[in-house]
Amino acid sequence: MSAIPRDQWYVAAYGSEIGTELFGRTICGEPILFWRTRDGSVTAMADRCVHRRFPLSQAPSRLVDDRVVCGYHGFTYGVDGKCVAVPGQTRVPRTARLTRYPLVEQDSFVWVFIGDPAKADAAQIPRAPWLDSPGYTTVRGMEPLKARYSLLVDNLLDLSHETYLHGGYIGTPEVAETPITTEVDEEAGVVYVSRHMADAACPPFYAKSTGLEGRITRWQDIEYTPPCLYKLHSRIAPVGSVPNPDGSDPDAFHVEVVYAITPETEHSTHDFWAVARDFALDDEGVSAFLAENNRTVVLQDVEALDVLERVIATEPDGYQELSINIDTGGLAARRMLQRMAAS
Amino acid sequence: MSAIPRDQWYVAAYGSEIGTELFGRTICGEPILFWRTRDGSVTAMADRCVHRRFPLSQAPSRLVDDRVVCGYHGFTYGVDGKCVAVPGQTRVPRTARLTRYPLVEQDSFVWVFIGDPAKADAAQIPRAPWLDSPGYTTVRGMEPLKARYSLLVDNLLDLSHETYLHGGYIGTPEVAETPITTEVDEEAGVVYVSRHMADAACPPFYAKSTGLEGRITRWQDIEYTPPCLYKLHSRIAPVGSVPNPDGSDPDAFHVEVVYAITPETEHSTHDFWAVARDFALDDEGVSAFLAENNRTVVLQDVEALDVLERVIATEPDGYQELSINIDTGGLAARRMLQRMAAS
Amino acid sequence: MSAIPRDQWYVAAYGSEIGTELFGRTICGEPILFWRTRDGSVTAMADRCVHRRFPLSQAPSRLVDDRVVCGYHGFTYGVDGKCVAVPGQTRVPRTARLTRYPLVEQDSFVWVFIGDPAKADAAQIPRAPWLDSPGYTTVRGMEPLKARYSLLVDNLLDLSHETYLHGGYIGTPEVAETPITTEVDEEAGVVYVSRHMADAACPPFYAKSTGLEGRITRWQDIEYTPPCLYKLHSRIAPVGSVPNPDGSDPDAFHVEVVYAITPETEHSTHDFWAVARDFALDDEGVSAFLAENNRTVVLQDVEALDVLERVIATEPDGYQELSINIDTGGLAARRMLQRMAAS
């Protein structure tokens, strides 16, 4: 049985990745063709010609006035996926039509619905408004991961690994030492994991971007909405600073770290990451620093998880894991994902 | 069940590839050893030593006076495949003998019979006489294809793809637009597909080689003898020109495009191609142009079919295809190949 | 069923390979972590963290004062394999412990016991005392082999291949021509194969290292103790020279060629080789010559056996081999290994 939940929304791309060229990407094992039509909206349909299954995103396939022409025999499709021309005859078979995917462009992401289109409800897509809101500046990227998506979920739900895998970047001893609190909202389908460090060293990632010196108060509040969207609300402030009763928090720096965890296949993942901040909004030096440093951190995870995927692939079935308190959030997430995949 | 028909003749090599060095090639999954003996004839036998299965085509195996000496332990074989010497003892086991393959060198090709040798009838080998006839000049090559042979059969039986995959080389709009006629001779085991374009653009491939300018009459007459030999009789002439009642055709240029489609394994193919012409026989510029252009066209097919093989390999079983009129010849060929493979 | 015998000792490394850095190697499919503790002894334990199976030999995992700190979440282990620290909590789960492997460092090798530790008896490890004895000088190496270990056993038990695969190095016509005698000691678990050449050409390997010119007496006495240790007692002397009745043998040159044949996986092998000599003990030119030449010979085997592994992997099951007298020792070894693997 597949470990990938169906009838779910997944991030397929950043909106900025899709232009007026054909763009192919495999999402949950399904090859999908994207392009931005002349009216500016993004369209998504099956990336296989109905005739002999040639990929429509593959040259010499091409786009002519919002019509896709297959590079093998010239089958031609409109924005609605319907075939409008075939070679050697004027009659186009009625069944010649590409499957279209429900699609929403929102919060800088292109979301597609994988599963039964009748179940697609755009209201269920979780939000990450900072990624294209005024008041925030965002850096972002996507790294391909040669590992199953659940390894990335494990990784992000347990940030104690920052101390070891990301030491010198975002990890300090306090991350691993400080206990977490975990909360699961089964109805809303959200896992919360919080770690509030009252008095911690400031890692270079935050020291250089905020200018804070010395020890800090550092809060990590994770909010994961399986299967795809992960948000880390990160609060950095001078030691002792707390938000005001009205919610304002003028002494603190806020960083919204957002991941979209999208299975490419059963054993590979698109690892989208974005870092939105509410300070130094126009400082390009800070943007460049955060982009480069977060990408380095993501690549450290990618390297470790690629190793783990190879380890698991060569283990005999039924290998043992040992879980401790730090894994509470990750285990809750696994259970939710297993239920989703089984349903 | 294998998709490769047995008890059939296949082209294993051009005669020019086989010299007095050991030459190994896998045909229909069978590793075969070839060399040209001192009397000038080509011999073919199993490319595995009977002792520990070391490949006899692999250095330091070597040929000494028409005897093959295995590079591992020195088992030595004569032209008839019989072992004549083994290490450490004078008695040679009676059963130490390499399987030989029926072989015919004809029309510039080396044909081998894969299957039960008792069924090998050289009279059943289809002919391509132009490839070594006076009155024709031929250019040729072989490209390895990482795709099942049936994808190349599909490709060659439906030339409407020339317009899209080979535009700017041999394709023009008329190829895809002009309907075909298909005929199947079940008794002789031949599929015919014809497309006669009365008034068509002349693609660069023919314009530069014939010197014809402007619009042309272009005939494509395919004659495929499954499983291996494919011939495209190509006729290029000024618009309106037809052959004389006696068959002479002095105003036309004739090109015989010959493919030998030989499975290497279930999922890879030797793609032999040759282009014989009855004009500009001694013009080396024309030869160089046709050789380079046809190789480019073949490599365009190779790239597309390698993609298709990967697509099919990752599809769930039972994927759908949609066939139209242009596929009539290809579907007839598939049926003949399936019957051959099942028998 | 695995072809690899369990409950056996295998060479995992040369002692010189293991220092105070973490060192990982897979032995018989089991990933093992090695390091030399501060007291100078070598330790061996499972190379997978009990938490999420991250390899402990993989950076950023590291060694701190004889404790291994996992590079993913910081699980920390002592020399006895017991976990002594985990992140986020002070209580360490009682079951958090890495499997340790019985280990003996002897004759320059690090031996580990693969199987049930209760069955590990160090007295059963076969000896190769020359490799770190005064009176001998040794050159050595290890080459990775992408072939199952039984192909290397076959190779080494039948030295007639020296004439063909290693001609110009250690092979001469007499090796393949001279019959062998084979003896099997089932109780002790040893296969002996001897080939005494009374009057043979001296191959470059021995001519350049001993200075002997012209024809020689050459004895090859193999002693293989399955599964891992292979010894070739090689005696080179002027024609007609025999040892004295008291065992002294002053006119002869003695070379002890030792192989440790350790499965890495079912289809790959660590090919340890060492050449110990009782002459020219301090001659660095001779050492360099023997090291380079023996490595060349080993690599000739590696190339041939890698080819054979690919051949066998693509053969249909039930392929035939034909065995002759030279294979008597190899077939005896195979039977012993099959019994060991089945028990």
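What you are looking at is a predicted structure, and each value in this text was computed from that prediction instead of being measured.

Draft legend 1. Just the overall build of chain A, in detail. Looking only at helices and strands, chain A features 6 helices and 17 strands. The C-alpha atoms of chain A give 22 Å as radius of gyration, which agrees with the globular expectation for 343 residues (20 Å, within 12%). Principal-axis analysis of the C-alpha atoms places the extent of chain A at approximately 75 × 50 × 35 Å. Buried positions account for 58% of the 343 residues belonging to chain A. Relative to all contacts within chain A whose residues are 6 or more apart in sequence, the contacts with residues 24 or more apart total 58%. Accessible surface computed for chain A: about 14200 Å², of which carbon and sulfur atoms make up 50%.

Draft legend 2. Structural view of the relation of the copies chain C and chain A. Between the two copies, chain C and chain A, the superposition gives an RMSD of 0.1 Å; the rotation angle is 120° and the shift along the axis is 0.0 Å. What we have between these two chains is a three-fold relation. Nearest to the rotation axis, the C-alpha of Ala313(C) is located 12 Å from it, this being the minimum over chain C.

Draft legend 3. Layout of the interface of chain C and chain A. Every contact between the two is made by 23 residues of chain C and, on the other side, 29 residues of chain A. Summing both sides of the interface, chain C and chain A together bury roughly 2100 Å²; the carbon and sulfur share of this comes to 59%. At the junction of chain C and chain A, the tally comes to 4 salt bridges. Glu321(A) is the partner of Arg52(C) in a salt bridge, and the nearest nitrogen-oxygen pair spans 3.5 Å. Here chain C and chain A share 12 residue pairs in polar contact (both at pLDDT 80 or more) between them. Residue classes in the side of chain C that touches chain A are distributed as 12 nonpolar, 8 polar and 3 charged.

Draft legend 4. Focus on the sheet that holds strand S14 (residues 216–225) of chain C. All names here are of chain C. The 7 strands lie next to each other as S11-S17-S16-S15-S14-S13-S12, forming an open sheet whose pairing is antiparallel. On the outer flanks of this sheet lie strand S11 (137–145) and strand S12 (181–185), each paired with one strand and no other. Taken pair by pair, the neighbouring strands of this sheet meet at an average axis angle of 15°, ignoring direction. Where S11 meets strand S17 (residues 268–277), 9 bridges bridge the pair, whose relative direction is antiparallel.

Draft legend 5. The environment of Ala147(A), seen in detail. Residues and elements named next belong to chain A. In this structure, Ala 147 sits in the loop between strand S11 (137–145) and helix H1 (149–157). Taking C-alpha positions, Ala 147 is 9.2 Å from Pro 263, a pair spaced 116 residues apart along the chain. Excluding its chain neighbours within four sequence positions, the residues that come into contact with Ala 147 are His 267, Ser 268, Thr 269, Leu 305, Asp 306 and Glu 309.

Draft legend 6. Just the UniProt feature "domain: Rieske" (unreviewed entry) in chain A, in detail. As annotated in UniProt, the feature "domain: Rieske" (unreviewed entry) corresponds to residues 9–112 of chain A in the numbering used here. From the first C-alpha to the last, residues 9–112 of chain A spans 6 Å; its make-up is 0% helix and 40% strand.

Draft legend 7. Quick peek at the packing of aromatic side chains. Under the counting rule described, the total for this entry stands at 27 aromatic pairs over all chains. Judged by centre distance (5.7 Å) and plane angle (75°), the ring pair of Tyr230(A) and Tyr259(A) falls under edge-to-face. With a gap of 29 residues between them, Tyr230(A) in strand S15 (residues 229–238) and Tyr259(A) in strand S16 (residues 253–265) connect regions that are remote in the sequence. Of the two residues examined, Tyr230(A) and Tyr259(A), each falls in the buried class. Clustering of aromatic rings is evident, with ring pairs tying together Tyr14(A), Phe109(A), Trp111(A) and Phe272(A). Lying across the ring of Trp219(B), Arg235(B) places its NZ or CZ 4.4 Å from the centre.

Draft legend 8. Up close: the pattern of salt bridges. Following the criterion strictly, the structure yields 63 salt bridges over all chains and no others. With a shortest N-O distance of 3.0 Å, Glu321(C) and Arg334(C) are connected by a salt bridge. On the criterion of sequence distance, the pair formed by Glu321(C) in the loop between helix H5 (284–314) and helix H6 (328–342) and Arg334(C) in helix H6 is long-range, its members being 13 residues apart. Glu321(C) sits in the partly exposed class, given a relative accessible area of 29%. Via salt bridges that share partners, Arg52(A), Asp154(B), Glu321(B), Asp327(B) and Arg334(B) belong to a single interconnected network.

Draft legend 9. View of the sheet that holds strand S15 (residues 229–238) of chain B. Residues and elements named next belong to chain B. The strand order across the open sheet built from 7 strands is S11-S17-S16-S15-S14-S13-S12, with neighbouring strands paired in antiparallel fashion. The strands lining the two open edges of the sheet, one partner per strand, are strand S11 (137–145) and strand S12 (181–185). Recorded for the sheet is a direction-independent mean angle of 15° between the axes of neighbouring strands. Across the sheet, helix H1 (residues 149–157) is in contact with S11, strand S13 (190–200), strand S14 (216–225), S15, strand S16 (253–265) and strand S17 (268–277); its angle to S16 comes to roughly 160°. Helix-sheet contacts for helix H6 (residues 328–342) involve S12, S13 and S14, and the interaxial angle to S13 is about 165°.

Draft legend 10. Here's a closer look at unusual backbone geometry. The omega angle of the peptide bond from Ala59(A) to Pro60(A) is 5°, so this bond is cis rather than trans. Examined against the element boundaries, Pro60(A) turns out to sit in the loop between strand S4 (42–46) and strand S5 (62–64). With omega at 5°, the peptide bond leading from Pro226(B) into Pro227(B) counts as cis. Among the structural elements, Pro227(B) can be located in the loop between S14 and S15.

Draft legend 11. The arrangement of the interface of chain B and chain A in detail. Across the boundary between the two partners, chain B contributes 29 residues, which contact 23 residues of chain A. Summed over both sides, the interface of chain B with chain A buries roughly 2100 Å², with 59% coming from carbon and sulfur. Interface area lost by chain B to chain A is led by Tyr164(B), Leu322(B) and Ile324(B), which between them contribute 31%. Our enumeration of links across chain B and chain A arrives at 4 salt bridges.

Draft legend 12. Helix H5 (residues 284–314) of chain A, seen in detail. With 31 residues, H5(A) ought to run about 45 Å at 1.5 Å a step, and its terminal C-alpha atoms sit 45 Å apart, in line with that. Structurally, the start of H5(A) carries an N-cap: the backbone nitrogen of Gly285(A) is 2.9 Å from a side-chain oxygen of Asp283(A).

Draft legend 13. Here's a closer look at the state of the cysteines. Under the counting rule described, the total for this entry stands at 0 disulfides over all chains. Cysteine Cys228(A) is unpaired, with the sulfur of Cys28(A) as its nearest cysteine sulfur at 8.3 Å. No disulfide involves Cys70(C); its sulfur sits 4.0 Å from the nearest other cysteine sulfur, which is in Cys49(C). Judged by its relative accessible area of 2%, Cys70(C) falls in the buried class.

Draft legend 14. Just the side chain of Asn155(B), in detail. On the secondary structure map, Asn155(B) appears in helix H1. Polar side-chain contacts of Asn155(B) include one of 3.0 Å to the side chain of Asp301(B). Contacts of Asn155(B), omitting those with residues within four sequence positions, involve Tyr72(A), His161(B), Asp301(B) and Leu305(B).

Draft legend 15. Quick look at the pairing of strand S9 (residues 103–106) of chain A. All names here are of chain A. What you see with S9 is a clean split: Val 104 and Gln 106 sit on the buried side and Leu 103 and Glu 105 on the side with no burial. The pairing of S9 with strand S10 (residues 109–114) spans 4 bridges and is classified as antiparallel. Each bridged residue has a counterpart across the sheet, and for Gln 106 the counterpart in S10 is Phe 109. Counting the residues between successive antiparallel strands, the hairpin from S9 to S10 contains 2 residues, one of them, Asp 107, with a positive phi of roughly 55°.

Draft legend 16. Structural context of the packing of H1(B) against H6(B). Residue and element names in this part refer to chain B. Contact geometry of H1 with H6 gives a least axis separation of 8 Å together with a crossing angle of 145°. When you trace H1 past H6, the crossing you get is right-handed. Seen from H1, the contacting residues are Tyr 149, Val 153, Asp 154 and Leu 157; seen from H6, they are Gly 329, Gly 330, Ala 333, Arg 334 and Leu 337. Counted by class, the contact of H1 with H6 contains 5 nonpolar, 2 polar and 2 charged residues.

Rules used throughout
- Residues numbered from 1 in each chain as written.
- Chains lettered and ligands numbered in written order.
- Predicted model: local features only at pLDDT ≥ 70, side-chain atom pairs only at ≥ 80, totals over all residues.
- Heavy atoms only, no water.
- Helix = DSSP H or I, 4+ residues; strand = E, 2+ residues; numbered from the N terminus.
- Rg over C-alpha atoms; globule rule 2.2 N^0.38 Å.
- Buried < 20%, exposed > 50% of the residue type's maximum accessible area, 1.4 Å probe, protein only.
- Contact = heavy atoms within 4.5 Å.
- Areas by Shrake-Rupley, 256 points an atom, 1.4 Å probe, with all protein chains shown as cover.
- Least-squares fit on C-alpha atoms with pLDDT ≥ 70 in both.
- Buried area = accessible area lost by both parts, 1.4 Å probe.
- Salt bridge = Lys/Arg side-chain N within 4 Å of Asp/Glu carboxyl O.
- Polar contact = N/O pair within 3.5 Å; in protein donor to acceptor, adjacent residues only side chain to side chain.
- Nonpolar A, V, L, I, M, F, W, Y, C, P; charged D, E, K, R; others polar.
- Pairing = 2+ DSSP bridges.
- Axes fitted to C-alpha atoms, helices over the stretch in contact; angles between N-to-C directions.
- UniProt positions renumbered as here; feature names shortened; annotations may be inferred.
- Phe/Tyr/Trp six-rings, centres within 6.5 Å; stacked < 30°, edge-to-face > 60°.
- Lys NZ or Arg CZ within 6 Å of the ring centre and 35° of its normal.
- Expected span 1.5 Å × (residues − 1).
- Disulfide = S-S within 2.5 Å.
- Left-handed = near helix turned anticlockwise from the far one by under 90°.

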